[in-house]
Structures are given as structure tokens and as C-alpha cells.
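# Examining the three-dimensional arrangement
Chain by chain, the residues run as shown.
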Amino acid sequence: MMESMPYTQSLLAGCRAVGYHAKAAPPTVTMPRLKAMVSGAIGGFLDVALNFNTQAFLDDNILDQLHTIGYKLVMLGDETWIKLFPTLFYRQDGVSSFYVKDTVEVDFNVSRHLESELAAKDWDALILHYLGLDHVGHIGGRQSNLMTPKLKEMDDVIRRIHAAVTSIQDNSHRTLLVVVSDHGMTEVGNHGGSSYEETDSLALFIGHSVESSHCSPYDQKEALQV
Ligand SMILES: [Zn+2]
Ligand SMILES: [Zn+2]
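A brief report on the enclosed structure follows. Fair warning: this is a prediction, and the values are worked out from it, not measured in the lab.

Definitions and cut-offs
Residues numbered from 1 in each chain as written. Chains lettered and ligands numbered in written order. Predicted model: local features only at pLDDT ≥ 70, side-chain atom pairs only at ≥ 80, totals over all residues. Heavy atoms only, no water. Donors = N, O, S within 2.8 Å, 3.2 Å for Na, K, Ca; no water. Buried < 20%, exposed > 50% of the residue type's maximum accessible area, 1.4 Å probe, protein only. Helix = DSSP H or I, 4+ residues; strand = E, 2+ residues; numbered from the N terminus. Contact = heavy atoms within 4.5 Å. Disulfide = S-S within 2.5 Å.

### A short note on the coordination of the zinc ion (ligand 1)
Binding of the zinc ion (ligand 1) to the protein goes through T30 (OG1), D182 (OD) and H183 (NE2), at separations of 2.1 to 2.3 Å. One chain supplies every donor for the zinc ion (ligand 1), spaced along it as T-x151-D-H. Separating the zinc ion (ligand 1) and the zinc ion (ligand 2) is a distance of 4.8 Å. Classification of H183 by relative accessible area gives buried; the value is 7%.

Right, dumping it as C-alpha cells:
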């Protein structure tokens with residue numbers, strides 16, 4: 001997989017990023033996974049049944065905490081975030097996960113905002129939720145022909161964001177780029193359960209605060225993602 005992401009690989013190899021196999025607690029379904037990641041608490045199985053009827057999230061969570069201290073939050077991508085936090089975002093553009101066959105437009109509709117958002121000075125935290133990789137997995141499984149180009153596309157997004165962050169002189173040391181997946185995917189293109197493939201997620205931290213000259217980039221590090 002990492003050979004499809006040469007820029008990200010170079011950050012890891014150069015000790016400019018730290019990556020983990022982040023174990024996602026089941027159910028490995030988007031809505032309960034997002035709730036778990038922002039709150040640090042594992043939801044109930046009722047969340048699976050309610051996944052398509054998402055309601056505003058009221059438990060304590062990091063987004064509301066950031067909002068409380070005055071952060072302006074921008075959200076682009078999977079509209080599940082907007083259903084969970086309908087009044088939180090300073091700016092938002094949601095995309096629907098309903099059209100699983102679409103692997104192109106669904107991500108273009110996020111990336112088309114990148115240039116202006118990276119140039120904007122009015123936000124404190126930017127959340128991008130790209131759905132195309134999930135759709136590629138659902139259509140053709142982990143070995144899909146569409147997987148390599150989609151990973152390259154995501155690698156390029158990471159490169160663009162990292163370049164923007166490092167070009168801001170006075171701010172680059174205080175900015176953290178976090179790349180996570182909310183769940184994994186089975187060989188045949190499903191998720192929801194508790195198999196290794198479904199719970200094996202990514203957590204990647206890129207930024208000055210994680211840089212080190214003494215890292216071992218080829219160690220397989222594991223962490224619990226909640
Ligand atoms: Zn998901
Ligand atoms: Zn999915």
C-alpha cells in the first residue's frame with residue numbers, strides 16, 4: 001500500500017511523521033466510529049441500527065471543546081459530520097455517501113476547496129473526510145484496480161496540505177496534520193464487523209511536534225483508536 005503513497009512514505013522514512021496501525025473498536029461503521037474518535041468513548045450496538053438515521057451528537061467531545069475555546073472549525077466531505085454537529089461548523093460542504101459507485105466526484109467535491117481553504121486565514125481546524133477510498137473498497141475490494149490511483153490521489157492531498165503548513169513560517173511548528181481512517185475493509189469490500197481487516201485502521205501524525213532524528217520508521221506500531 002505504502003508504495004502507492006510515495007510522499008507519505010518519504011515523511012515516515014525521514015522521521016517527519018509517525019504512523020500506527022490503529023485498532024478501531026467495532027462496530028466498524030462510519031457514524032459510530034466518528035463518535036468514538038471525537039469522544040474517546042465506544043458507542044453501543046444500537047448505533048449500527050441508527051447509522052442511517054444520524055442525530056446530533058451531544059456527548060462530550062473534542063470538537064465541541066475546541067469550539068468552546070473559540071476555535072473556528074471547517075468541515076468538508078462526508079456529511080455524517082454535519083449530521084452529528086449540525087450547528088458547529090464555521091464553514092461546511094458535505095458530500096453524501098449514498099452513491100457508492102462514485103469514486104471520483106465524491107472526492108473532487110472535497111479537493112476543489114483545498115486551495116482556497118489552505119490560503120484562508122480564518123479557521124483554526126480543518127476536517128476533510130474523503131469517501132472515495134471507502135467506495136473503491138466497496139466496489140472492488142482491497143485489491144481493486146482503482147486502489148493504487150486512489151491512494152496516489154490521497155498522497156497528493158497530504159503533500160499539498162503539508163506543503164501549505166510548512167510554508168507558514170510563524171505557524172508551522174504549531175500545526176499538526178492527522179491522517180486517520182475510521183475503519184478498515186475486508187478483502188471482498190465490506191466493513192462493520194470485528195475482523196482484523198475491518199478494525200485495522202490508520203493513524204498518522206505529521207508535524208514538527210512528532211519529528212525526531214531517532215525514530216525507527218519501519219517498526220510496526222500499534223495503538224488503540226477507541
Ligand atoms: Zn467510513
Ligand atoms: Zn464504507
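### Remarks on the coordination of the zinc ion (ligand 2)
The protein atoms donating to the zinc ion (ligand 2) are D134 (OD), D134 (OD), H138 (NE2) and H191 (NE2), with metal-donor distances spanning 2.0 to 2.3 Å. All donors of the zinc ion (ligand 2) come from a single chain, and their spacing in sequence reads D-x3-H-x52-H. On the basis of relative accessibility, which here comes to 27%, the residue H138 falls in the partly exposed class.

### Here's the deal with the environment of A36
Within the secondary structure, A36 is located in helix 2 (residues 30-39). Through-space distance from the C-alpha of A36 to that of Q65 is 15 Å; in sequence the pair is 29 residues apart. Aside from chain neighbours lying at most four places away, what touches A36 is A41 and V226.

### As for the state of the cysteines
Put plainly, two cysteines are in a disulfide when a covalent bond ties their sulfur atoms together. Taken as a whole and judged by the stated rule, the model has one disulfide. With a sulfur-sulfur separation of 1.9 Å, C15 is cross-linked through a disulfide to C215. Across the disulfide from C15 to C215, rotation about the S-S bond amounts to roughly -85°, and the bridge is consequently left-handed. In this pair, C15 sits in the loop between helix 1 (6-13) and strand 1 (17-23) while C215 sits in the loop between strand 6 (200-206) and strand 7 (222-224), placing the two residues 200 residues apart along the sequence. For C215, a relative accessible area of 29% translates into the label partly exposed.

No statement about biological role is implied by the geometric values presented.
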